[in-house]
Amino acid sequence: MAAGGWTYAALAQEVEIDPKSVERWVNLGRTPRRATALQAAKALGEDVHALWPALRQARPARAISPELVALYDQRADIPVSTFTDLLAQARERIDILVYAAVFLHEAYPRLNELLTERAAEGCTVRIAIGDADSDNVQARGKEERFGHGIESRCRLALMHYRPLAGTPGIEVRTHATTLYNSLYRADDQQLVNAHVWGVNAYAAPVWHLRRHEESGMFDTYADSFDAVWATATPVREEG
C-alpha cells in the first residue's frame with residue numbers, strides 16, 4: 001500500500017468496503033473474505049496468497065466429515081486473530097489445553113483481558129498448561145531438539161496465566177500428561193493443533209472442528225480435555 005500510494009480510504013473505496021476493515025487487515029493481521037481479498041490483491045498488483053497465506057492453506061474438508069471445517073498445513077499459517085476471534089465468540093465455554101502456546105500472549109497482549117471479559121459474561125474458562133518439571137514436558141523438549149526450551153516456555157506461560165487464577169469463572173491448572181494435541185475450544189468450535197514427533201507445534205497441522213453430532217470427532221477431543229483436566233493441579237493466586 002505504501003509503495004503504491006494507497007490509503008485505507010482509497011483501497012476501501014476500490015474494493016467497496018469500510019476503511020476500518022482495511023485498517024484491521026494492516027494493524028491486526030485480519031484476513032478478508034476470499035472475494036474481497038482477490039479484489040484488493042488485484043488493485044495492489046500483488047499475489048493474494050502472498051498477502052494472506054491463510055487463504056491458501058485452509059482447505060474445505062466437509063467431504064471428509066461434517067465436523068471438519070478446514071485444514072491448515074501448519075499452525076504458523078494461521079493468523080492469531082483466528083484464535084482470538086474464536087475465543088471472543090464464546091458464550092458458554094472456553095477450554096485451552098497446551099504445553100505453553102506463548103505465541104498467543106506474544107501476538108495478542110490483551111488475551112487475559114479477553115478471557116476475563118468472557119468470564120464476566122458467564123463463560124466458563126478452563127486453561128491447562130504444561131508442568132515444566134514433569135517428565136513428559138522434558139521429554140517433549142528433547143524430541144523437539146529444543147532442550148530446555150519447552151520447559152522455559154511452560155514457565156513463561158504460567159507467568160502469563162497466573163494473574164487469572166482466582167478470577168471468577170476462570171480456572172488455571174498445570175498438567176503432566178503426554179500431550180498429543182493442543183486444543184483451543186470455544187463452545188461448539190475447536191482448533192486442534194496436532195503434535196508431531198520432532199516437530200515444533202507451530203510447524204504441525206491444525207484442523208478446525210465444529211460440533212455436529214454426539215460422540216463425533218469434536219466430542220473425542222472434548223473428552224480428552226476433560227480427562228487431562230481431571231489429573232491437573234490448580235494454580236493458586238500469587239501472594
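Everything discussed here concerns the structure shown above.
Quick look at the structure, then. (Residues numbered from 1 in each chain as written. Predicted model: local features only at pLDDT ≥ 70, side-chain atom pairs only at ≥ 80, totals over all residues. Heavy atoms only, no water.)

**Here we look at the pairing of strand β3 (residues 93-97)**
Burial analysis of β3 places four of its five residues in the buried class, the great majority of the element. By the bridge criterion, five bridges tie β3 to strand β4 (residues 124-130) in an arrangement that is parallel. By the bridge assignment for β4, Leu97 is matched with Ala128. Note: β3 against strand β6 (residues 181-186), four bridges, orientation antiparallel. (Buried < 20%, exposed > 50% of the residue type's maximum accessible area, 1.4 Å probe, protein only. Helix = DSSP H or I, 4+ residues; strand = E, 2+ residues; numbered from the N terminus. Pairing = 2+ DSSP bridges.)

**Looking at the packing of aromatic side chains**
On inspection of all chains with the given rule, the structure shows five aromatic pairs. Seen in terms of ring centroids, Trp25 and Trp52 are 5.3 Å apart; in terms of plane orientation they differ by 80°. Their pairing is edge-to-face. Placement of Trp25 in helix α2 (residues 19-28) and of Trp52 in the loop between α4 (48-51) and α5 (54-57) is noted, with a sequence separation of 27 residues between them. By relative accessible area, which is 12% here, Trp25 ends up buried. One aromatic cluster is present, built from ring pairs that chain together Phe83, Phe103 and Tyr184. A cation over an aromatic ring shows up here: Arg75 above the ring of Phe103, its NZ or CZ 3.8 Å from the ring centre. Residue placement shows Arg126 over the ring face of Trp229; its charged tip is 5.4 Å from the ring centre. (Phe/Tyr/Trp six-rings, centres within 6.5 Å; stacked < 30°, edge-to-face > 60°. Lys NZ or Arg CZ within 6 Å of the ring centre and 35° of its normal.)

**Observations regarding the pattern of salt bridges**
For the structure shown, the criterion picks out eight salt bridges. The shortest N-O distance in the salt bridge between Asp219 and Arg211 comes to 2.7 Å. Classification of Asp219 by relative accessible area gives buried; the value is 12%. Residue classification places Arg211 among the partly exposed residues on the basis of a relative accessible area of 33%. The structure contains a network of salt bridges with shared partners spanning Asp95, Arg126 and Asp226. (Salt bridge = Lys/Arg side-chain N within 4 Å of Asp/Glu carboxyl O.)

**Examining the packing of helix α1 (residues 8-15) against helix α3 (residues 34-44)**
Put simply, α1 and α3 touch, their axes get as near as 9 Å, and they point 120° apart. The orientation of α1 with respect to α3, classified from their angle, is oblique. The way α1 lies across α3 gives a crossing that is right-handed. For the pair α1 and α3, contact is made by Leu11, Glu14 and Val15 and by Thr36, Gln39, Ala40, Ala43 and Leu44, respectively. Across the contact of α1 with α3, the residue classes break down as five nonpolar, two polar and one charged. (Axes fitted to C-alpha atoms, helices over the stretch in contact; angles between N-to-C directions. Parallel < 35°, antiparallel > 145°, perpendicular 65-115°, else oblique. Left-handed = near helix turned anticlockwise from the far one by under 90°. Contact = heavy atoms within 4.5 Å. Nonpolar A, V, L, I, M, F, W, Y, C, P; charged D, E, K, R; others polar.)

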